[in-house]
Amino acid sequence: MTTDELKDFCAARPGAQAVLYGAPSNILVFEVGGKKFAYFKTSAPEQWRFSLRVSAKRFVELTDMPGVKPARYMGRFHWVTIVDVARFPADYLTELVRDSYARAVASLTRAQRAELAAA
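Residues numbered from 1 in each chain as written. Predicted model: local features only at pLDDT ≥ 70, side-chain atom pairs only at ≥ 80, totals over all residues. Heavy atoms only, no water.

> Looking at this model, I keep getting lost on the overall build of the chain. Mind explaining?
For the chain, the count of helices and strands is four helices and six strands. Sequence-ordered secondary structure for the chain, helices as α and strands as β, is α-β-β-β-β-α-β-β-α-α. The C-alpha radius of gyration of the chain comes to 14 Å, within 12% of the 14 Å expected for a compact globule of 119 residues. In terms of overall dimensions, the chain has C-alpha extents of about 40 × 35 × 25 Å along its principal axes. Relative to its 119 residues, the chain shows a buried fraction of 39%. Contacts in the chain between residues at least 24 apart in sequence constitute 46% of all its contacts with a sequence separation of at least 6. Entry remark: accessible area of the chain is about 6800 Å², with carbon and sulfur atoms responsible for 54%. Charge-centre separation for the chain: the mean point of 17 positive side chains lies 8 Å from the mean point of 12 negative side chains. (Helix = DSSP H or I, 4+ residues; strand = E, 2+ residues; numbered from the N terminus. Rg over C-alpha atoms; globule rule 2.2 N^0.38 Å. Buried < 20%, exposed > 50% of the residue type's maximum accessible area, 1.4 Å probe, protein only. Contact = heavy atoms within 4.5 Å. Areas by Shrake-Rupley, 256 points an atom, 1.4 Å probe, with all protein chains shown as cover. Lys, Arg positive; Asp, Glu negative; His and termini not counted. Charge placed at Lys NZ, Arg CZ, Asp CG, Glu CD.)

> I tried to follow the layout of surface pockets on my own but got confused; where do I start?
A water-sized probe rolled over the atoms picks out the places where empty space is left. Size it by volume and the largest pocket reaches roughly 370 Å³. The wall of the largest pocket is formed by 16 residues, among which Ile27, Tyr39, Lys41, Arg72 and Tyr73 lie closest to the centre. The set of elements that each furnish at least two residues to the lining of the largest pocket consists of strand S3 (35–41) and strand S5 (68–70). Considered class by class, the residues forming the lining of the largest pocket number seven nonpolar, three polar and six charged. (1 Å grid on protein atoms, 1.4 Å probe; cavity = no way out; pocket = protein on both sides within 12 Å on 5 of 7 lines; lining within 4 Å. Points joined across faces, edges and corners; volume = space filled by probe spheres on them. Nonpolar A, V, L, I, M, F, W, Y, C, P; charged D, E, K, R; others polar.)

> Looking at this structure, I do not really get the sheet that holds strand S4 (residues 50–53). What am I missing?
Hydrogen bonds between backbone atoms are what pair the strands of a sheet, whose relative direction is either parallel or antiparallel. With respect to topology, six strands assemble into an open sheet ordered S1-S2-S3-S4-S6-S5, the strand pairing being antiparallel. Each edge of the open sheet is held by one strand with a lone partner, namely strand S1 (16–21) and S5. When strand polarity is set aside, the average angle formed by the axes of neighbouring strands in this sheet is 25°. Taken together, the three bridges between S3 and S4 define a ladder with antiparallel strand orientation. (Pairing = 2+ DSSP bridges. Axes fitted to C-alpha atoms, helices over the stretch in contact; angles between N-to-C directions.)

Structure (structure tokens):
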């Protein structure tokens, strides 16, 4: 799966919005209802590194894999950074994104979830 395909997959989640933050952050954030579920670093030398939130169990599993590390500043909240998305199987990446998206949706208020379901 390429970076562009992964960005398209994130953007296709129901209610997802892409927000580009310029300098000094230089990140492309995908969020639903104001809750982040994935982001890409957009500046060199870390361009297109992909980060998302995972469960505590999966955090331990993923950070033991080469090419995956705890996300800077967000690792304590079980966010991981995947250095090169092309090295990961597409179905595994989509599963991770779906899980991160579901976590973001679960943290919305009941009214926000109802609004999202109605859309």
